[in-house]
Amino acid sequence: MRWLERHGFRIEARNWRKRTGELDVIAWEGSTLVFVEVKTRRGTTFGSGAESVDARKQRRMLRAADAYLQRYASRPPVCRFDVVVVAVGDAGDPSVSHLPDAFRPGWA
C-alpha cells in the first residue's frame, strides 16, 4: 500500500495467506514488524472499517501472525497490529485513517 510506504513503512508482504488466516499487509516500521488490516468503506451503513475488526477478526489475525512469526524461531521481532481504513467519499476521493496499535493479543 503506497500510503504506508509514503509514511515510512517498508512493505514485506501483501495478502499473505496460510490455512490459519490472512494478513493484508506485513510491513516494517523501524525495527517493529507491523501486521496491518486494511478496510475500505463507502459510507457507514455497515459501520466503520475499524468497527469491522472485531474480536473474531482479531483472533484470525493473531493466528496468522503467529504462523508468520514461525520463521523467526526463538527470536521474534517486536510486533504490533494496525488498522488502516480507506473511506471513499461521494466524489470518489479516498481519505486514509491509520490506527496504530489498534489491538493487542489478549484484548480480543
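Anything mentioned here points back to the structure above.
Residues numbered from 1 in each chain as written. Predicted model: local features only at pLDDT ≥ 70, side-chain atom pairs only at ≥ 80, totals over all residues. Heavy atoms only, no water.

### Considering the pairing of strand β2 (residues 21–29)
No. 1: When you tally the buried positions in β2, you get seven out of nine residues, the bulk of the element.
No. 2: Sheet topology note: the strand β1 (residues 10–18)/β2 ladder contains seven bridges and is antiparallel. Of the residues in β2, the one forming a bridge with R14 is V25.
No. 3: Counted along the chain from β1 to the antiparallel partner β2, the turn is two residues long.
No. 4: Strand direction decides the pairing type here: β2 and strand β3 (residues 32–41), joined by five bridges, are antiparallel. Along β3, the bridge assignment pairs A27 with V34.
No. 5: Counting the residues that bridge the hairpin from β2 to β3 gives two residues, and of these G30 lies at a positive phi of roughly 65°. (Buried < 20%, exposed > 50% of the residue type's maximum accessible area, 1.4 Å probe, protein only. Helix = DSSP H or I, 4+ residues; strand = E, 2+ residues; numbered from the N terminus. Pairing = 2+ DSSP bridges.)

### Side note on the pattern of salt bridges
Between side chains of opposite charge, a pair can form as their charged atoms come close.
No. 1: Taken as a whole and assessed by the stated rule, the structure comprises seven salt bridges.
No. 2: Here E5 makes a salt bridge to R14, at a shortest N to O gap of 3.8 Å.
No. 3: When its relative accessible area of 46% is taken as the criterion, R14 is described as partly exposed.
No. 4: Residues E22 and R17 are paired through a salt bridge, measuring 3.5 Å at the closest nitrogen-oxygen approach.
No. 5: Exposure remark for E22: the relative accessible area of 26% places this residue in the partly exposed category.
No. 6: With relative accessibility at 54%, the residue R17 sits in the exposed group. (Salt bridge = Lys/Arg side-chain N within 4 Å of Asp/Glu carboxyl O.)

### With respect to unusual backbone geometry
No. 1: Positive phi values are uncommon outside glycine, yet N15 reaches one of about 50°.
No. 2: Its place among the elements puts N15 in strand β1.
No. 3: Even without being glycine, D101 reaches a positive phi, approximately 55°.
No. 4: Relative to the elements of secondary structure, D101 occurs in strand β5 (residues 94–103).
No. 5: On the accessibility criterion, D101 (25% relative accessible area) is partly exposed.

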